[in-house]
Amino acid sequence: MHYSIPSFSFQSYKSMLRYCEMGCAFIVFLILYGAEGRQDLAEAHYLMVICTCSLIFCGGALMADMYNIQIQYPDLWPLSEFALEVTFMTLSFFAAVTMMSACRWTYNDDESFCDHYMGGSFRGNASAVFAFGLSFALLGSVNVTYKRVRKYQYS
């Protein structure tokens, strides 16, 4: 029995998750790009780099799904997609945790790291919340990709 790859649809569950991932990553990028001292706070800089790379990956993966790259490379693409999704899911989750903690720890007795470096903790907390959203959207994509890889391997 051979596994058939479904055709691409803009309204599929996987496509909707890709849009959500790209939206969350882009919002985090915009929030942190607008912050004045994001280069001075390592957590903000790392979160911005992770979300930028995730945005590029999600756009590329959406294009790969659109052109059905799985048909041309059935042994390579599903496993690569799964590995990259797990990587970005883990990195974005822990980057959001460190960003939230940086906004909770105090720099001086009355000022947090986000207040001192970024001019307020709202940007740090908002970017962390959207990074959590990115991580959970990637969790849904990991689940879909895992089922696809498993169905391909065992059929």
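Residues numbered from 1 in each chain as written. Predicted model: local features only at pLDDT ≥ 70, side-chain atom pairs only at ≥ 80, totals over all residues. Heavy atoms only, no water.

Visitor: Whenever I open this one, the packing of helix α1 (residues 13-33) against helix α4 (residues 77-104) confuses me. Can you help?
Guide: What describes two packed helices is the angle between their axes and the distance between those same axes. Two elements in contact, α1 and α4, have axes whose closest approach is 14 Å; the angle formed by their N-to-C orientations is 35 degrees. When the axes of α1 and α4 are compared, the crossing they make is left-handed. Residues Lys-14, Arg-18 and Leu-32 of α1 pack against Glu-81, Glu-85 and Met-99 of α4. Considered class by class, the residues forming the contact of α1 with α4 number two nonpolar, no polar and four charged. (Axes fitted to C-alpha atoms, helices over the stretch in contact; angles between N-to-C directions. Helix = DSSP H or I, 4+ residues; strand = E, 2+ residues; numbered from the N terminus. Left-handed = near helix turned anticlockwise from the far one by under 90°. Contact = heavy atoms within 4.5 Å. Nonpolar A, V, L, I, M, F, W, Y, C, P; charged D, E, K, R; others polar.)

Visitor: Please clarify how the side chain of Ser-112 should be interpreted in this entry.
Guide: Mapping Ser-112 onto the fold places it in the loop between α4 and α5 (113-118). With a relative accessible area of 7%, Ser-112 lands in the buried category. Within the structure, Ser-112 has its side chain in polar contact with the backbone nitrogen of Asp-115 (distance 3.2 Å). What Ser-112 contacts, discounting residues up to four positions off in sequence, is Ala-102, Cys-103, Trp-105, Thr-106, Tyr-107 and Ser-121. (Buried < 20%, exposed > 50% of the residue type's maximum accessible area, 1.4 Å probe, protein only. Polar contact = N/O pair within 3.5 Å; in protein donor to acceptor, adjacent residues only side chain to side chain.)

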